[in-house]
Amino acid sequence: MKTKLCLLYGGKSAEHNVSLQTAKAVIGALDLNKFDIHPIFISTEGEWMKGPQLNAPVKDVKELQFNNGEEISPNALSTSISSSEKGEGYDMIFPLLHGPNGEDGTVQGMLELLNLPYVGNGVLASSAGMDKVIMKNLFAQAGIPQVNYTWFIRSTWKANEEQAYESVEKEIGYPCFVKPANLGSSVGISKCSSRDELAKAFQEAFQFDRKIIIEEGVKAREIEIGVLGNDQPQCSVPGEIVPKTDFYDYKSKYEDGDTALIIPAEVEEDVADKMKEIAIQSFKALDCSGLVRADFFLTEDGRIYMNEVNTMPGFTPYSMFPLLWKHTGVDYPTLIGKLVDLGLERYQEKQTIKHTM
Ligand SMILES: Nc1ncnc2c1ncn2[C@@H]1O[C@H](COP(=O)(O)OP(=O)(O)O)[C@@H](O)[C@H]1O
Ligand SMILES: [Mg+2]
């Protein structure tokens, strides 16, 4: 029996195009003797378009953009549960979506309501991981080392802007980073070294969210670790990101494409071990499942800070997460298979839970 795998990709997000590249790569890597591939393309407007079952890899992402396809309502997926016994539904959903409306628990919540098995993190981990303030508060409670931070909601800032800037200067100082709480891909993020820049950075970040975070800026290397598993998560080797720009901004992530990835990262073994320990602690602090990429800062004097976790990290074969696993001995097709198995394991466990006395 082949696994009927539904791929969800595209999406109403700044990372729409990355998601298309991911879908193309995942389709190319899937063993067609084991999987039937059912694509669902989500347009930048948020419409869900069902495409025909795919029986071969695609050459171009254009083949995956069913702009004139059959538009379906997301909850049309629900019919797949009742029909799966009849061989019509899906056995597993793989959301290949990044950022808001995909990586933030919204799609996961819908899949939970429909009782559909899916790959990756659940509602809680996805939404907590998307909100940098909530994530950092949970990490702080777990004793995970982080840079100093503070946050504001728009109305507090509007009520007294000067007071907001003063408190940032007092609590955090310069240089600092100002970020929308719920975004990703470095959108709306600024580095500030003066009151003037701080005011501009607030204006900018508040365009993207009603909540922003302000962090102490550190001069540090950026090291990342992949975590894979459910109750017994495992770590990959660490990798280092070396952006050409001052920091790893939107342009260096998606436009230049020449940011260097060094795998394995050249760090002392005790540093790598400590990071792995923190990566697992972070995974557990957010109650993650399936996968996360844990991103660290490593300062010149050897201090390790957790920066963030990504609950659906970049997933093309050239992205950090799959490359980390490749260097750890898990190639791309095997990684995809493991993620599907982990999703199924979590789903089956959930089916054993009693809902009434
Ligand atoms: N506190 C900080 N100190 C130094 N650099 C930072 C800090 N916060 C962010 N950066 C830089 O900005 C980049 C993007 O920030 P990050 O918090 O990872 O946001 P995103 O979720 O968009 O990836 C980081 O990869 C790093 O280069
Ligand atoms: Mg980041």
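Here the structure is a predicted model, which means the values were calculated and not measured. (Residues numbered from 1 in each chain as written. Chains lettered and ligands numbered in written order. Predicted model: local features only at pLDDT ≥ 70, side-chain atom pairs only at ≥ 80, totals over all residues. Heavy atoms only, no water.)

Undergrad: Looking at this structure, how should I read empty space enclosed by the protein?
TA: Here the idea is plain: a probe the size of a water molecule rolls over the atoms and shows the empty space left. Summed over the entire model, instances satisfying the criterion amount to 1 cavity of 30 Å³ or more. Roughly 80 Å³ of internal volume is contained in the largest cavity. Lining the largest cavity, in full, are F94, P95, L97, G102, E103, Q108, V119, G120, N121, S126, T311 and M312. Its residues assigned to classes, the lining of the largest cavity shows 5 nonpolar, 6 polar and 1 charged. (1 Å grid on protein atoms, 1.4 Å probe; cavity = no way out; pocket = protein on both sides within 12 Å on 5 of 7 lines; lining within 4 Å. Points joined across faces, edges and corners; volume = space filled by probe spheres on them. Nonpolar A, V, L, I, M, F, W, Y, C, P; charged D, E, K, R; others polar.)

Undergrad: Is there a simple way to think about the domain arrangement of the protein in this case?
TA: It is common to give the size of an interface as the accessible area that goes away when the parts come together. Under the domain assignment used here, the protein contains domain 1 (3–118), domain 2 (148–216) and domain 3 (219–348). Taken over C-alpha atoms, the centre of domain 1 sits 36 Å from the centre of domain 2. (Domains from an automatic or database assignment.)

Undergrad: Honestly, the UniProt feature "binding site: Mg(2+) 1" (unreviewed entry) in the protein in this entry has me stumped. Any pointers?
TA: Taken from the UniProt record, the annotation "binding site: Mg(2+) 1" (unreviewed entry) applies to D295 and E308. Here D295 lies in strand β13 (residues 290–299). By relative accessible area, which is 5% here, D295 ends up buried. Apart from residues no more than four positions distant in its own chain, D295 is found in contact with I223, E224, Y305, M306, N307, E308 and N310. Considering the arrangement of structural elements, one finds E308 in strand β14 (residues 304–310). Residue classification places E308 among the buried positions, given a relative accessible area of 12%. Setting aside chain neighbours within four positions, we find E308 in contact with K132, M135, R293, A294 and D295. (UniProt positions renumbered as here; feature names shortened; annotations may be inferred. Helix = DSSP H or I, 4+ residues; strand = E, 2+ residues; numbered from the N terminus. Buried < 20%, exposed > 50% of the residue type's maximum accessible area, 1.4 Å probe, protein only. Contact = heavy atoms within 4.5 Å.)

Undergrad: Is there a simple way to think about the packing of helix α7 (residues 161–171) against helix α8 (residues 195–206) in this case?
TA: Between two packed helices, both the angle of their axes relative to each other and the distance between the axes serve to describe the pair. Contact geometry of α7 with α8 gives a least axis separation of 11 Å together with a crossing angle of 120°. Judged by the sense of rotation from one axis to the other, the crossing of α7 with α8 is right-handed. Each of E162, A164, Y165, E166, V168 and E169 in α7 lies in contact with α8, whose residues at this interface are R195, L198, A199 and F202. Looking at the contact of α7 with α8, its residues break down into 6 nonpolar, no polar and 4 charged. (Axes fitted to C-alpha atoms, helices over the stretch in contact; angles between N-to-C directions. Left-handed = near helix turned anticlockwise from the far one by under 90°.)

Undergrad: Any chance you could explain the packing of aromatic side chains here in plain terms?
TA: Aromatic ring pairs are reported here in terms of the distance separating the ring centres and the angle at which the planes meet. Counting across every chain of the model gives 11 aromatic pairs. Look at F315 and F321: their rings are 6.2 Å apart centre to centre, the planes differ by 35°, and that puts the pair in the tilted class. Here the aromatic cluster, defined as three or more aromatic residues joined through ring pairs, consists of F94, F315, F321, W325 and Y332. Seen from the ring of Y118, R346 lies directly overhead, with NZ or CZ sitting 4.5 Å from the centre. (Phe/Tyr/Trp six-rings, centres within 6.5 Å; stacked < 30°, edge-to-face > 60°. Lys NZ or Arg CZ within 6 Å of the ring centre and 35° of its normal.)

Undergrad: Is there a simple way to think about the pairing of strand β2 (residues 35–42) in this case?
TA: Each regular strand displays side chains that alternate between the two surfaces of the sheet. When you tally the buried positions in β2, you get 8 out of 8 residues, the bulk of the element. Across the two faces of β2 the burial is the same, with F35, I37, P39 and F41 and D36, H38, I40 and I42 all buried. Note: strand β1 (residues 3–10) against β2, 8 bridges, orientation parallel. Bridge pairing links G10 to I42 in β2. The parallel pair β1 and β2, bridged by helix α1 (residues 16–29), forms a crossover whose chirality is right-handed. (Pairing = 2+ DSSP bridges. Right-handed = clockwise from strand over helix to strand, strands pointing away.)

Undergrad: Where do I start with unusual backbone geometry in this structure?
TA: Note on backbone geometry: most residues besides glycine have negative phi, and most peptide bonds are trans. The omega torsion across Y174 and P175 is -10°, close enough to zero to call that bond cis. With an omega dihedral of -5°, the bond running from I263 to P264 counts as a cis peptide bond. Mapped onto the elements, P264 comes out in the loop between β12 (260–262) and α10 (269–285). Look at N115: it is not a glycine, yet its phi comes out positive at around 50°. Note that N115 resides in the loop between α3 (106–113) and α4 (123–130). Even without being glycine, D287 reaches a positive phi, approximately 55°. With respect to the helices, strands and loops of the structure, D287 is situated in the loop between α10 and β13.

Undergrad: I tried to follow the sheet that holds strand β3 (residues 48–50) on my own but got confused; where do I start?
TA: Pairing between the strands of a sheet comes from backbone hydrogen bonds, and it takes one of two forms, parallel or antiparallel. What the 5 strands build is an open sheet, ordered β4-β3-β2-β1-β5; its pairing is mixed. Of all strands in the sheet, those bounded by a partner on one side alone are β4 (70–72) and β5 (92–95). Averaged over neighbouring strand pairs, the angle between their axes works out to 30° when direction is ignored. Sitting on the sheet, helix α12 (residues 332–351) touches β1, β2 and β5, and the angle it makes with β5 is about 120°.

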